[in-house]
Amino acid sequence: MKKEEIEAFALKAAKGLKTQKDLLDFTQVLTKITVEAALNAELDEHLGYEKNQKSEVENYRNGCSLKTLKTEDGQFELSTPRDRNGTF
């Protein structure tokens, strides 16, 4: 995604923010999406293949676990990926 597309998305989303709670909720959603995307990218790198690709590797994806992430803005649930061998 290009920087211009991200800015356009943020501007569109910001129009609906009316209160401080709206801003906090929006910030938490962005943090959740960003952290989960990073974790999935790291698992791709760790396993050597992307999600839904066929692989001959013995270790493979094994679902997700829910974890609670605590930040200065509050806490929320993350869906963290895991691998079969538990090495990630």
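Conventions we followed
- Residues numbered from 1 in each chain as written.
- Predicted model: local features only at pLDDT ≥ 70, side-chain atom pairs only at ≥ 80, totals over all residues.
- Heavy atoms only, no water.
- Helix = DSSP H or I, 4+ residues; strand = E, 2+ residues; numbered from the N terminus.
- Rg over C-alpha atoms; globule rule 2.2 N^0.38 Å.
- Buried < 20%, exposed > 50% of the residue type's maximum accessible area, 1.4 Å probe, protein only.
- Contact = heavy atoms within 4.5 Å.
- Areas by Shrake-Rupley, 256 points an atom, 1.4 Å probe, with all protein chains shown as cover.
- Lys, Arg positive; Asp, Glu negative; His and termini not counted.
- Charge placed at Lys NZ, Arg CZ, Asp CG, Glu CD.
- Pairing = 2+ DSSP bridges.
- Salt bridge = Lys/Arg side-chain N within 4 Å of Asp/Glu carboxyl O.
- Polar contact = N/O pair within 3.5 Å; in protein donor to acceptor, adjacent residues only side chain to side chain.

> Go over the overall build of the chain with me, naming the residues and quoting the values.
Secondary structure assignment for the chain yields 2 helices and 2 strands. Reading the chain from its N terminus to its C terminus gives the helix and strand order α-α-β-β. Over its C-alpha atoms the chain spans a radius of gyration of 16 Å, topping by over 25% the 12 Å that the globule rule assigns to 88 residues. In terms of principal-axis extent, the alpha carbons of the chain reach across some 50 × 30 × 15 Å. The buried share of the chain, taken over its 88 residues, is 16%. Taking all contacts inside the chain whose residues are at least 6 apart in sequence as the whole, residues at least 24 apart take part in 39%. Of the roughly 7,000 Å² of accessible surface on the chain, a fraction of 54% belongs to carbon and sulfur atoms. Treating the 14 positive side-chain charges of the chain as one cloud and the 16 negative ones as another, the clouds have centres 5 Å apart.

> Break down the pairing of strand 1 (residues 61–71) for me, citing the residues and quoting the values.
Bridge analysis of strand 1 against strand 2 (residues 74–83) gives 9 bridges, and the strand direction is antiparallel. Looking across to strand 2, one finds that Ser 65 is bridged to Thr 80. Between the antiparallel neighbours strand 1 and strand 2 lie 2 residues.

> Got a sec to walk through the side chain of Gln 28? Specific residues and values, please.
Considering the arrangement of structural elements, one finds Gln 28 in helix 2 (residues 20–47). Residue Gln 28 is classed as buried on the basis of its relative accessible area of 16%. With residues up to four places along the chain from it excluded, the contact list for Gln 28 reads Asp 73, Gly 74, Gln 75 and Phe 76.

> Please set out the pattern of salt bridges residue by residue, giving values where relevant.
Across all of its chains, the model carries 3 salt bridges by this definition. In this structure, Arg 61 and Asp 44 form a salt bridge, with 2.0 Å as the shortest nitrogen-oxygen distance. Of the two residues, Arg 61 is situated in strand 1 and Asp 44 in helix 2; the sequence distance between them amounts to 17 residues. For Arg 61, a relative accessible area of 17% translates into the label buried.

> Please provide a residue-by-residue account of the environment of Asp 83, values included.
When you line up the elements, Asp 83 lands in strand 2. Between the alpha carbons of Asp 83 and Tyr 60 there is a distance of 5.4 Å; along the sequence they are 23 residues apart. At a separation of 2.8 Å, a polar atom in the side chain of Asp 83 contacts the side chain of Thr 87.

> Describe the environment of Glu 56, with residues and values.
Along the polypeptide, Glu 56 turns up in the loop between helix 2 and strand 1. What makes Glu 56 exposed here is its relative accessible area of 75%.

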